[in-house]
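# Observations on the three-dimensional arrangement
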Number of protein chains: 4
Amino acid sequence: MIILLKDKVNENQVKNLTNWLEGNGFGLHISKGQNHTIIGLIGDTSRVDMDLIASLDIVETVKRIQEPFKSANRKFHEDDSIVDCGNAKIGGGHFQIIAGPCSVENREQIISVAQAVKASGAGMLRGGAFKPRTSPYAFQGLHEKGLELLSEAKKATGLPIVTEIMEAAHLPLFEDVDVIQVGARNMQNFELLKELGQTRKTILLKRGLANTLEELLMSAEYIMAGGNNNVILCERGIRTFETYTRNTLDLSAVPVLRRLTHLPVVVDPSHGTGHAYLVKSMAMAATVAGADGLIIEVHNDPPHALCDGKQSLTPEQFDELAKGIQNVLPFAVR
Amino acid sequence: MIILLKDKVNENQVKNLTNWLEGNGFGLHISKGQNHTIIGLIGDTSRVDMDLIASLDIVETVKRIQEPFKSANRKFHEDDSIVDCGNAKIGGGHFQIIAGPCSVENREQIISVAQAVKASGAGMLRGGAFKPRTSPYAFQGLHEKGLELLSEAKKATGLPIVTEIMEAAHLPLFEDVDVIQVGARNMQNFELLKELGQTRKTILLKRGLANTLEELLMSAEYIMAGGNNNVILCERGIRTFETYTRNTLDLSAVPVLRRLTHLPVVVDPSHGTGHAYLVKSMAMAATVAGADGLIIEVHNDPPHALCDGKQSLTPEQFDELAKGIQNVLPFAVR
Amino acid sequence: MIILLKDKVNENQVKNLTNWLEGNGFGLHISKGQNHTIIGLIGDTSRVDMDLIASLDIVETVKRIQEPFKSANRKFHEDDSIVDCGNAKIGGGHFQIIAGPCSVENREQIISVAQAVKASGAGMLRGGAFKPRTSPYAFQGLHEKGLELLSEAKKATGLPIVTEIMEAAHLPLFEDVDVIQVGARNMQNFELLKELGQTRKTILLKRGLANTLEELLMSAEYIMAGGNNNVILCERGIRTFETYTRNTLDLSAVPVLRRLTHLPVVVDPSHGTGHAYLVKSMAMAATVAGADGLIIEVHNDPPHALCDGKQSLTPEQFDELAKGIQNVLPFAVR
Amino acid sequence: MIILLKDKVNENQVKNLTNWLEGNGFGLHISKGQNHTIIGLIGDTSRVDMDLIASLDIVETVKRIQEPFKSANRKFHEDDSIVDCGNAKIGGGHFQIIAGPCSVENREQIISVAQAVKASGAGMLRGGAFKPRTSPYAFQGLHEKGLELLSEAKKATGLPIVTEIMEAAHLPLFEDVDVIQVGARNMQNFELLKELGQTRKTILLKRGLANTLEELLMSAEYIMAGGNNNVILCERGIRTFETYTRNTLDLSAVPVLRRLTHLPVVVDPSHGTGHAYLVKSMAMAATVAGADGLIIEVHNDPPHALCDGKQSLTPEQFDELAKGIQNVLPFAVR
């Protein structure tokens, strides 16, 4: 970290700052120029509160050289992490398609979708039991009942299950869940992240609607700081001014994240575009771009789905998509 | 709500839809044009899941006529709501300045700031005990200890206290808190909103970093749907591409919200701009635009504040700001 | 187009509106509901000024059913357009890689790059002679001299040339140019678009930094309204909050545009990401997503390029990219 | 400017860079740390191509200390500029309201609006003759005829006139125009800016839809680099995700720009909000925030205006607004 001091600062103030920095365990390299003094910090600056230093009245600007995340940083963990998801693995060459309906609706639906997606090659089953909805009057999911039905589908098919949590207090209900999803709107629900860091469950962390990749990695860092390294990152589209798509899927997130972190990266082209007709092309593009997996909404009867029907594929469409993925997977840039 | 069906839809499908809508208690007005059929819904459509209808394969588009929020809607509650905040009131002509440090740091700091801002005319004291921070390694607040110090400052000055909650499980600690703040990153933490709806505490709900005003009102609706009408809305800046300011303060939110809702609207020019030199002009502009109150960061020693020092005013600067507000308050557009 | 009138409007005003609409050649379908009157317009509504109608005081809202663009609309031109670019073609199965340096710098540079990219399979040569730069003090291109050097490179290699125009008055200089590029900052320079519509030159129109795809299509419509149908659309990244990339490449633009329009769609992963290490993966992803072509920055000596060096590939990197494209092109979703 | 080199760079490359910098007339201050070498540039760095340096392969990062704009910079011109606008002045305590219709429609309209706004205290008349419209099929203005009618209104009332230019080739038509407006979509039409820099006309430069304030100042710099210092800056709202307003008016732009530049700053609350009901409160807020002037759309018959009717005030509403401005102007923060 480089701290650039303001023009003509008081010597005493500089002394106060350098003492404080040394007291915090940093080595310093100080360079006095004609107009500006520059302080270089030597040591683990990922734990420095950069905003605090920037706010000091003698400081002109602060520039990080190191990234502010550490456990998630590829610099300190060169190999891809391989994360366990029940009886499946993801990352480090293990590519996974997670598929299933937006919401769990009833036994017949979830089991039939689970069987269909397994037959087409999906390695995990997704389905929402707790649904974050903008309106309090919209369908919010089947809750405990939904989790039970997911467990039945898991027993019936052997597929590990992925489902969203909305509050740490619900954790006891998630015992049989293999991968706990943190949704985009909770990406910076720091209390939830901290409590998930206390578990050893695998967490699928979705990027927030208007968050940067650095913020996503800092949220992963919250989980990992608690000792839980089982984190999967998910690009699911960001909010932009475009209206033909529900969100704008940022596929460059895949190679950027793969350079910055060792954690697996999956892409959700269903929420990322909001339209069934866009899912296959974006899923294939994500695969070629180097993603470790995909999350795809599949519904046996999309037009009657209780939510997100517009973006769900039929099992037939999913089967075709899965075949397309196999075609391009050998050419993925990694 | 107006539902426009697609070109040449199947009669049976239309019948299924109209039966379902009638079964949900809506009156229907159906109009068949040369190419399109239009269904008008009569009744309380605030509870309709518009996305669900839009996703049906026979539906071209759905257009709301009514807003999707109801309890917060000025149409059903013409007069300004006046919300109790301990011994203070806000809304309906009761203008309040909430002032204090970003974080509670120690007894001396919080009490001296409380006394200073009270002397200058602040009606409430703010101070963070639980701090949402992007990095898990940054200072996160004094927690319980911070709440205790706030209570002491309240006893010492009589000022009601405003402080942020980050998890519903912490609610028992907030008994002596007069106004519970929900921060921008938790604006769509729906489980938290629901639990706050079960209390009768006054909630100050901040707009999310990239959220629309309709989404802000829907989050207020989550609280009100539980029976808690003590909600104050807060504009605190949104994320844009501008870099000279930390956020972009959207002052048009004030007259827009005042037209849409009866709830009080306050403005936070400290977080909204991120720079002390901008706070006075934006605070005065917000007042003239019709805000019901302001939240201002004040610190006895801004350059050494443990967080957000760059945007904090000194007590002297705050005093000057408070005088400026008095000058323009009579001319506020309301 | 559906016009929804306000509650309880005056009969005379409605009569005025319907007379005016009929006078403009539209058939009308009027439906009176309990609360609202709805007017459906029959005819070519692409030429209706929707904002004008929406601003009338008796109008609640206006909803387009048809898209506001017509010449560019696939509904009226089902087959892919195949656009001539000198001795090359693009669209309708003709896939093209356009490659070359950001700026033309000198004879040796442009000819050597042209020869290299041709050898690797590029079908066209790009190179800037007029450079839009944020700062008036930055290098602005070689202007006429740059165009002359491009012509020399064309003679030497046979590759058609693609270069940017910044003002209609420069058109006479562009006689030997095969494809005239309109840059992102000029996407809504409507006077320039109109004058390009008067030529029969092929125009490569880049999406603006914060523009929607509909706005891009409306700008294409400006060119086509003048009778020039030789338009290629280009996705080159949009401005978002992400900082690890220079822009966010919106690859869903490819399948969205291919559904909406018959015009060829190319992708610029160099400007779209701003970093050489991201270009190959995004180029391959764009290809799989169904793009008709790519524009890639290639420089013989990227670290010393006079502009945009950070995102340029070396000829060797380009060769590897071109091979990757051939691998996935057969699997492109179209 | 501070250039931070990468870890372990080759001595020869560093020598090449420092030679090149010195050859460009900069003094250098070089500091070698344990890991990083830092080069400080001494001299006028506003003319340095920062992107070029950042792209060099030995450079980790470049940080400006000075702003990249010079002629517009308040550091080199402490006093407010006072800009002539025909017989009116703006800046340095001269506050001006510019009012008039979006488009000039006919003689009666423009003269009656001009007389009305003058009577209420407007100091200049605005009206569009060349209209930038998203659709080529929308009304584009009366062109030359519109400019003639503006001249007539100027003769009839004595008000200086403000109107938009869309292409440099039209300049001869603008001889009688006192202030030439450059619209948001042309803010980075650099060729137009350069040609306006060759005139001595007063230019009102509007901020682009998604542009930063630094980009706005760099565009002003394009005009001033040609020797024309008669530039007025205009905040007119930026594109955000909010939908209740047409744009988001960024009022913090006023105090930010006033700190960075000596040029006058005006605010356009009509385009900035898109709704007549928001104009008065935002106009008053802008005034209190320290703006040097306002641009307000006024129409004798808003619901029938040929464009932008929804956001126009009636002359009566404008009169009320002008009175409100007088009330708060003495309290403006400057």
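What counts, and at which threshold
Residues numbered from 1 in each chain as written. Chains lettered and ligands numbered in written order. Predicted model: local features only at pLDDT ≥ 70, side-chain atom pairs only at ≥ 80, totals over all residues. Heavy atoms only, no water. Helix = DSSP H or I, 4+ residues; strand = E, 2+ residues; numbered from the N terminus. Buried < 20%, exposed > 50% of the residue type's maximum accessible area, 1.4 Å probe, protein only. Contact = heavy atoms within 4.5 Å. Areas by Shrake-Rupley, 256 points an atom, 1.4 Å probe, with all protein chains shown as cover. Lys, Arg positive; Asp, Glu negative; His and termini not counted. Charge placed at Lys NZ, Arg CZ, Asp CG, Glu CD. Domains from an automatic or database assignment. Least-squares fit on C-alpha atoms with pLDDT ≥ 70 in both. Pairing = 2+ DSSP bridges. Axes fitted to C-alpha atoms, helices over the stretch in contact; angles between N-to-C directions. Buried area = accessible area lost by both parts, 1.4 Å probe. Salt bridge = Lys/Arg side-chain N within 4 Å of Asp/Glu carboxyl O. Nonpolar A, V, L, I, M, F, W, Y, C, P; charged D, E, K, R; others polar. Polar contact = N/O pair within 3.5 Å; in protein donor to acceptor, adjacent residues only side chain to side chain. Expected span 1.5 Å × (residues − 1). Arc of directions from axis to C-beta. Patch = residues over 30% accessible without salt bridge, like charges linked within 9 Å, V, L, I, M, F, W, Y side chains within 5 Å. Phe/Tyr/Trp six-rings, centres within 6.5 Å; stacked < 30°, edge-to-face > 60°.

## Digging into the overall build of chain A
Along the backbone of chain A there are 10 helices and 14 strands. A principal-axis box enclosing the C-alpha atoms of chain A has dimensions of 75 × 40 × 35 Å. For chain A, the proportion of its 334 residues judged to be buried stands at 66%. Here the analysis covers contacts within chain A between residues at least 6 apart in sequence; of these, 67% occur between residues at least 24 apart. As displayed, chain A offers around 11,300 Å² of accessible surface, 47% of which is attributable to carbon and sulfur atoms. Distance from the positive charge centre (34 side chains) to the negative charge centre (39 side chains) of chain A: 2 Å.

## Describing the domain arrangement of chain A
For chain A, the assigned domains read domain 1 (2-63) and domain 2 (83-331). On a C-alpha basis, the centres of domain 1 of chain A and domain 2 of chain A stand 43 Å from each other.

## Concerning the relation of the copies chain B and chain C
When chain B is fitted to chain C, the residual RMSD is 0.0 Å, and the transformation amounts to a turn of 180 degrees plus an axial shift of 0.0 Å. Such values leave the two copies arranged in the relation of a two-fold axis.

## Observations regarding the relation of the copies chain B and chain A
Overlay of chain B on chain A (RMSD 0.0 Å): rotation 180 degrees, translation along the axis 0.0 Å. Taken as a fraction of all interface residues of chain B, those also at the interface in chain A reach 100%, which identifies the copy contact as same-surface.

## Things to note about the environment of C:Gln13
All names here are of chain C. Note on placement: Gln13 falls in helix H1 (residues 11-23). Residues Gln13 and Ile58 lie 45 residues apart in sequence; the distance between their C-alpha atoms is 7.4 Å. Each residue touching Gln13, except ones within four places of it in the same chain, is listed here: Asp57 and Ile58.

## Side note on the sheet that holds strand E10 (residues 179-182) of chain C
All names here are of chain C. Taken together, the 8 strands give a closed barrel; going around it, the order is E7-E8-E9-E10-E11-E12-E13-E14, and neighbouring strands pair in parallel fashion. Averaged over neighbouring strand pairs, the angle between their axes works out to 30 degrees when direction is ignored. Packed on one face of the sheet, helix H5 (residues 190-197) meets strand E9 (161-165), E10 and strand E11 (202-206) and runs near 165 degrees to E10. Relative to the sheet, helix H9 (residues 276-288) contacts strand E13 (265-267) and strand E14 (293-297), its axis offset from that of E14 by approximately 170 degrees.

## Re the interface of chain B and chain A
On the side of chain A, 48 residues touch chain B, which itself brings 48 residues to the contact. For the chain B and chain A pair, buried surface summed over both sides reaches about 4,200 Å², with 52% attributable to carbon and sulfur atoms. Of all residues in chain B, B:Thr134, B:Tyr137 and B:Glu191 bury the most surface against chain A, accounting for 16% of the area lost on that side. For the pair chain B and chain A, the interface holds 2 salt bridges. One salt bridge connects A:Arg239 with B:Glu215, and the closest N-O pair in it is separated by 2.5 Å. Considering each element in turn, the side of chain B that touches chain A owes the most residues, 5 residues, to helix H6 (residues 213-225) of chain B. Residue composition of the side of chain B that touches chain A, grouped by class: 20 nonpolar, 13 polar and 15 charged.

## Here's the deal with the interface of chain B and chain C
Counting residues at the interface gives 17 residues for chain B, matched by 17 residues for chain C. Roughly 1,500 Å² of surface becomes buried between chain B and chain C when both sides are summed, with 75% attributable to carbon and sulfur atoms. Our count for the chain B to chain C interface comes out at 0 salt bridges. Of all the secondary structure elements, the ones that give two or more residues to the side of chain B that touches chain C are strand E1 (2-5), strand E2 (27-32), strand E3 (37-42) and strand E4 (59-63) of chain B. Looking at the side of chain B that touches chain C, its residues break down into 6 nonpolar, 7 polar and 4 charged.

## Examining the environment of D:Glu215
Residue placement: D:Glu215 occurs in helix H6 (residues 213-225). Along the chain, D:Glu215 and D:Val179 lie 36 residues apart, while their C-alpha atoms are 21 Å from each other. When near neighbours in sequence (up to four residues on either side) are disregarded, D:Glu215 contacts C:Thr134, C:Arg239, D:Met187, D:Gln188 and D:Ala210. Among the polar contacts made by the side chain of D:Glu215, one reaches the side chain of D:Asn211 at a distance of 2.8 Å.

## Observations concerning helix H10 (residues 315-328) of chain A
With 14 residues, H10(A) extends 20 Å between its outermost C-alpha atoms, agreeing within 8% with the 20 Å of an ideal straight helix rising 1.5 Å per residue. Inspection of H10(A) places A:Pro315, A:Phe318, A:Leu321, A:Ala322, A:Gly324, A:Ile325 and A:Val328 among the buried residues, and these make up the whole buried set. Contacts made by the buried residues of H10(A) are with strand E7 (96-100), helix H3 (107-120), helix H9 (276-288) and strand E14 (293-297) of chain A together with H9 of chain C.

## A short note on unusual backbone geometry
Backbone geometry places A:His143, a non-glycine residue, at a positive phi of 55 degrees. Among the secondary structure elements, A:His143 is positioned in the loop between strand E8 (124-126) and helix H4 (144-157).

## Section: helix H1 (residues 11-23) of chain A
Residues and elements named next belong to chain A. For H1, which comprises 13 residues, the first-to-last C-alpha distance of 18 Å matches the rise-based estimate of 18 Å (1.5 Å per residue) to within 8%. Looking only at H1, the buried set comprises Val14, Leu17, Thr18 and Leu21. All buried residues of H1 project into a common sector of 95 degrees when viewed along the axis, lining one side. Within H1, the exposed residues directed more than 90 degrees away from the buried face are Asn12, Asn16 and Gly23. Positive backbone phi, approximately 95 degrees, marks Gly25, located one or two places after H1.

## A short note on a positive patch on the surface
Together, A:Lys6, A:Lys63, B:Lys310 and D:Lys63 line one region of the surface with positive charge. Tracing the backbone shows D:Lys63 in strand E4 (residues 59-63). For D:Lys63, a relative accessible area of 30% puts it in the partly exposed group.

## Observations concerning the packing of aromatic side chains
For the structure on display, the rule yields 14 aromatic pairs over all chains. Here A:Phe241 and B:Phe241 contribute two aromatic rings whose centre-to-centre distance is 6.1 Å and whose plane-to-plane angle is 75 degrees, an arrangement assigned as edge-to-face. Of the two residues, A:Phe241 is situated in the loop between strand E12 (231-235) and helix H7 (253-260) and B:Phe241 in the loop between strand E12 (231-235) and helix H7 (253-260); the pairing between them involves two chains. Here the aromatic rings of B:Phe130 and B:Phe174 are separated by 6.0 Å at their centres, their planes lie at 25 degrees, and the arrangement is stacked.

## Some points on the side chain of A:Thr157
All names here are of chain A. Examined against the element boundaries, Thr157 turns out to sit in helix H4. From its side chain, Thr157 meets the backbone oxygen of Ala153 in a polar contact 2.7 Å long. Beyond its immediate stretch of four places on either side in the chain, Thr157 contacts Ala114, Gln115 and Lys118.

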